[in-house]
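Now for the letters of each chain:
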2 protein chains.
Amino acid sequence: MMRRITFFLVAIATMASLVTLVAPAPGQADGQSAAPYVTEMPPGYRDWRWISSTHEAGNLNSTGALLGNDVAINAFREGKIPFPDGTILAALHYKYVPSDENNAIFGQVQSFVPGAPTNIQFMVKDSTKYAATGGWGYATFVDGKPADAASMKSCFPCHEKAKATDDVFTRYTP
Amino acid sequence: MMRRITFFLVAIATMASLVTLVAPAPGQADGQSAAPYVTEMPPGYRDWRWISSTHEAGNLNSTGALLGNDVAINAFREGKIPFPDGTILAALHYKYVPSDENNAIFGQVQSFVPGAPTNIQFMVKDSTKYAATGGWGYATFVDGKPADAASMKSCFPCHEKAKATDDVFTRYTP
């Protein structure tokens, strides 16, 4: 009985090690999938500067802020296309909801604000590592966990349509 | 003739000096008006961190981002009410417009973004200097120029309705 439990524990430990070995390093692409994507959140993104905000109406009913690291902000301000390696864009998405507090004061349904978070998406520029997807690694996190590889396959084919601005939809808002 | 021109130039120079003397120092309140307000843009505000975004529908048809200096960001994250002296909030407002570029790609009118800038408003916390208006100095800039004092009289009476959150409407978006 004891031998069986020991074997079982060793087997679990071995499996855990293998998982660690095959998991991509922080910020690295998942080399196994056809479309490499980013599986670790870039640290400190919530302290990055504001690029712009968007509202997607209709089924998405989403509002979001695009933040960028220093490389991103400088590139936007200088109009650098393509974006240099090291650029990281963070799109923070939320439900688009009326602000009951504000509207009570204004006396009408006028004010809309970010509600519950829905996901956070990143674009990481590394023209070598992510050459297969236009030099950008894509990432989606829901509740802090990366989306599955299959769902990430639609990022590049859509962003590629914004080729004139290096696959980036958002413009810098002064 | 020369004496007259010299007198004229001296008179202009004297007037210019007087204007400089009576103009408020950068970031200081206009002590002459009943409701003190801020007449100089706090420097570097576009590099401040993102607090949240809002959309005001209806006649305003506005979208805006609220940015805050370090004191502001820390206060929001720690839930400090009232906000400490030194807090500065910057509300950057724009026309709320559809993104023709994005919508062409999405195949429907779905995407709304900041259009032309309309104004930038500030709230500067100094509980002594701005004691008459809840400790906040208010500011509105259009094309970089401060709005007239009369138009600023409506700021405090409306913001005061958000007394539970120290006259600040916007919530921090995580």
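**Observations concerning the interface of chain B and chain A**
Now for step 1: Counting residues at the interface gives 36 residues for chain B, matched by 36 residues for chain A.
Now for step 2: Taking both partners together, chain B and chain A bury about 3100 Å²; carbon and sulfur atoms supply 52% of that area.
Now for step 3: Taken as a group, R46(B), W50(B) and I105(B) account for 21% of the area that chain B buries against chain A, more than any other trio of residues on that side.
Now for step 4: There are 6 salt bridges connecting chain B and chain A.
Now for step 5: For E101(B), the salt bridge identified is with R171(A), shortest N-O distance 2.6 Å.
Now for step 6: Linking chain B with chain A are 24 residue pairs in polar contact (both at pLDDT 80 or more).
Now for step 7: Elements with a minimum of two residues in the side of chain B that touches chain A: strand 1 (49-56), strand 2 (62-68), strand 3 (88-98), helix 3 (100-106) and strand 4 (111-125) of chain B.
Now for step 8: It is strand 1 of chain B that contributes the most residues to the side of chain B that touches chain A, 8 residues altogether.
Now for step 9: Grouping the constituent residues of the side of chain B that touches chain A by class yields 20 nonpolar, 8 polar and 8 charged.
Now for step 10: Across 2 bridges, the pairing between strand 1 (residues 49-56) of chain A and strand 4 of chain B is antiparallel. Residue pairing for strand 4 of chain B: H55(A) is matched across the bridge by F112(B).

**Considerations on the relation of the copies chain B and chain A**
Now for step 1: Overlay of chain B on chain A (RMSD 0.0 Å): rotation 180°, translation along the axis 0.0 Å. Here the copies are linked by what is in effect a two-fold axis.
Now for step 2: Both copies contact each other with a shared surface, as 100% of the interface residues of chain B are interface residues in chain A too.

Conventions we followed
- Residues numbered from 1 in each chain as written.
- Chains lettered and ligands numbered in written order.
- Predicted model: local features only at pLDDT ≥ 70, side-chain atom pairs only at ≥ 80, totals over all residues.
- Heavy atoms only, no water.
- Contact = heavy atoms within 4.5 Å.
- Buried area = accessible area lost by both parts, 1.4 Å probe.
- Salt bridge = Lys/Arg side-chain N within 4 Å of Asp/Glu carboxyl O.
- Polar contact = N/O pair within 3.5 Å; in protein donor to acceptor, adjacent residues only side chain to side chain.
- Helix = DSSP H or I, 4+ residues; strand = E, 2+ residues; numbered from the N terminus.
- Nonpolar A, V, L, I, M, F, W, Y, C, P; charged D, E, K, R; others polar.
- Pairing = 2+ DSSP bridges.
- Least-squares fit on C-alpha atoms with pLDDT ≥ 70 in both.

Purely spatial values, then, with no claim about function.
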